[in-house]
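Geometric and topological summary
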Amino acid sequence: TINLHRTMLLLLAALCVISLQDVRGIESSERFKPQLTFMGDIYLEKQPLKNLPIIRKKEKGAPMPVTLTITPEQLSTPGGVQNINVNWYNSKTGGSSDWIAIYSPANASDTEYLDYFHSDGQTNGTYQVRVWNMRDSYQVRYFAENGKTDYVLEGVSNIATVNTKQPLQGHISLTENSPSEMQIRWVSSLIKSPQVKIGTTSGTYTTSFDAMYYTYDTSYMCGGSASIISPTQFRDPGYIYTALAKSL
């Protein structure tokens, strides 16, 4: 447990250094590698949004001109990642500056989008987006430019959900007692009485091992944006589980 805690602190210290280096890179006109968005686009090649406020003009419950859907609605995220389809239909003429933003969690504020893409003035269309299992839901929203003064919300999608208990980032490593012992790690939401079960045949598990778990919060971070809890800053990292498979 002490070694795990020490490793975690070293990792967080490295993240702090990387974070500071990123800030310096933003201030500089030079970048050493392309900066990617959530959807994998390169920032410098992405059509930027104007510096306009985002507003909601429609009364709550009133129909919106744009119909938005995410398919599938229940995500299986094999390997922790999955492509979703964002489908839209605009009952009026769309503008070339209209854009669709992706949110996680689904109740994030309008300004806390993870990424966006433009509809290019198309009345209807489908856009494929790669998303990750971050143990939270997804939603997309449609915005239209209003007289070059603001962006108005014109459509809200259904909510796509993930399996928060899905084991992710699995890792198997040797220990000082190998080959008779190995360490197994993974990340998921909080699970009661976590265990690893092993066997020589898939689906038939004859031995089980209890797992320890821990997590971290903003108190471990080095300040700045890393300590701001929000969809676009510090997110819940889940729980890191460790099990020792012995007497192998």
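Quick note: structure is the one above.
Presented here is an overview of the structure given in this document.

**Quick word on the overall build of the protein chain**
Secondary structure assignment for the protein chain yields 1 helix and 13 strands. Going residue by residue from the N terminus, the α and β elements of the protein chain occur as α-β-β-β-β-β-β-β-β-β-β-β-β-β. A sequence separation of at least 24 residues applies to 66% of the contacts in the protein chain between residues at least 6 apart. On the protein chain, roughly 15200 Å² of surface is accessible, and the fraction owed to carbon and sulfur atoms is 52%.

**Description of the pattern of salt bridges**
Within the structure shown, the criterion is met by 6 salt bridges. Taking the shortest distance from any N to any O, the salt bridge between Lys 46 and Asp 115 comes out at 3.3 Å. Residue Lys 46 is found in the loop between α1 (2–27) and β1 (54–55), and its partner Asp 115 is found in strand β5 (residues 115–118); the two are separated by 69 residues along the sequence. Residue class for Lys 46 comes out buried when judged on its relative accessible area of 13%.

**Brief notes about the sheet that holds strand β6 (residues 124–132)**
Taken together, the 3 strands give an open sheet; going across it, the order is β2-β3-β6, and neighbouring strands pair in antiparallel fashion. The sheet is open, and its two edges are formed by β2 (66–71) and β6, each paired on a single side. Averaged over all pairs of adjacent strands, the angle between their axes in this sheet comes to 20°, without regard to strand direction. Sheet analysis places β2 next to strand β3 (residues 81–90), joined by 6 bridges and oriented antiparallel. Each bridged residue has a counterpart across the sheet, and for Thr 71 the counterpart in β3 is Asn 85.

**Remarks on the sheet that holds strand β10 (residues 182–188)**
Read from one edge to the other, the open sheet built from 5 strands follows the order β9-β10-β13-β12-β11, with strand pairing classed as antiparallel. Across the chains shown, the open sheet's two edge strands, defined by having one partner strand only, are β9 (168–174) and β11 (195–198). The sheet shows a mean angle of 25° between the axes of neighbouring strands, direction not considered. Relative to strand β13 (residues 239–245), strand β12 (residues 207–214) runs antiparallel, the two being bridged by 4 bridges. By the bridge assignment, Ala 211 is partnered in β13 with Ala 243.

**Considering unusual backbone geometry**
A cis amide bond links Ser 104 with the next residue in sequence, Pro 105, at an omega value of 5°. Relative to the assigned elements, Pro 105 resides in the loop between β4 (99–103) and β5. In the segment running from Ser 178 into Pro 179, the intervening peptide bond is cis, with an omega of 15°. Take Pro 179: it is sitting in the loop between β9 and β10. The backbone of Thr 77 sits at a positive phi, close to 40°, despite the residue not being glycine.

**Observations regarding the packing of aromatic side chains**
Throughout the structure, instances matching the rule amount to 13 aromatic pairs. Centre to centre, the rings of Trp 88 and Phe 117 are 6.0 Å apart; their planes meet at 50°, and the pair counts as tilted. Of the two residues, Trp 88 is situated in strand β3 and Phe 117 in strand β5; the sequence distance between them amounts to 29 residues. The exposure class assigned to Phe 117 is buried, which follows from its relative accessible area of 6%. Taken together, a centroid distance of 6.4 Å and an interplanar angle of 85° make the contact between Tyr 103 and Tyr 113 edge-to-face. In this pair, Tyr 103 sits in strand β4 while Tyr 113 sits in the loop between β4 and β5, placing the two residues 10 residues apart along the sequence.

**Considerations on the nonpolar core**
Counting 20 residues, the largest nonpolar core has Ile 102 and Tyr 138 as its most contacted members. Of all elements in the fold, only β2, β3, β4, β6 and β7 (139–146) reach the threshold of two or more residues within this core. In this structure, Ile 102 is in contact with Phe 38, Ile 84, Tyr 113, Leu 114, Asp 115, Val 129, Val 131, Tyr 138, Gln 139 and Val 140, ignoring residues within four places of it in sequence. In terms of nonpolar packing, the next biggest core, distinct from the first, is built from 9 residues, Trp 99, Ala 101, Tyr 103 and Tyr 151 among them.

**A short note on the environment of Ser 157**
Within the secondary structure, Ser 157 is located in the loop between β8 (150–156) and β9. Residue Ser 157 is classed as buried on the basis of its relative accessible area, which comes to 8%. Apart from residues no more than four positions distant in its own chain, Ser 157 is found in contact with Leu 68, Thr 69, Ile 70, Gln 139 and Val 140. Side-chain polar atoms of Ser 157 contact the backbone nitrogen of Val 140, separated by 3.0 Å.

Calculation rules
Residues numbered from 1 in each chain as written. Predicted model: local features only at pLDDT ≥ 70, side-chain atom pairs only at ≥ 80, totals over all residues. Heavy atoms only, no water. Helix = DSSP H or I, 4+ residues; strand = E, 2+ residues; numbered from the N terminus. Contact = heavy atoms within 4.5 Å. Areas by Shrake-Rupley, 256 points an atom, 1.4 Å probe, with all protein chains shown as cover. Salt bridge = Lys/Arg side-chain N within 4 Å of Asp/Glu carboxyl O. Buried < 20%, exposed > 50% of the residue type's maximum accessible area, 1.4 Å probe, protein only. Pairing = 2+ DSSP bridges. Axes fitted to C-alpha atoms, helices over the stretch in contact; angles between N-to-C directions. Phe/Tyr/Trp six-rings, centres within 6.5 Å; stacked < 30°, edge-to-face > 60°. Core = buried A, V, L, I, M, F, W, Y, C linked by side-chain atoms within 4.5 Å. Polar contact = N/O pair within 3.5 Å; in protein donor to acceptor, adjacent residues only side chain to side chain.

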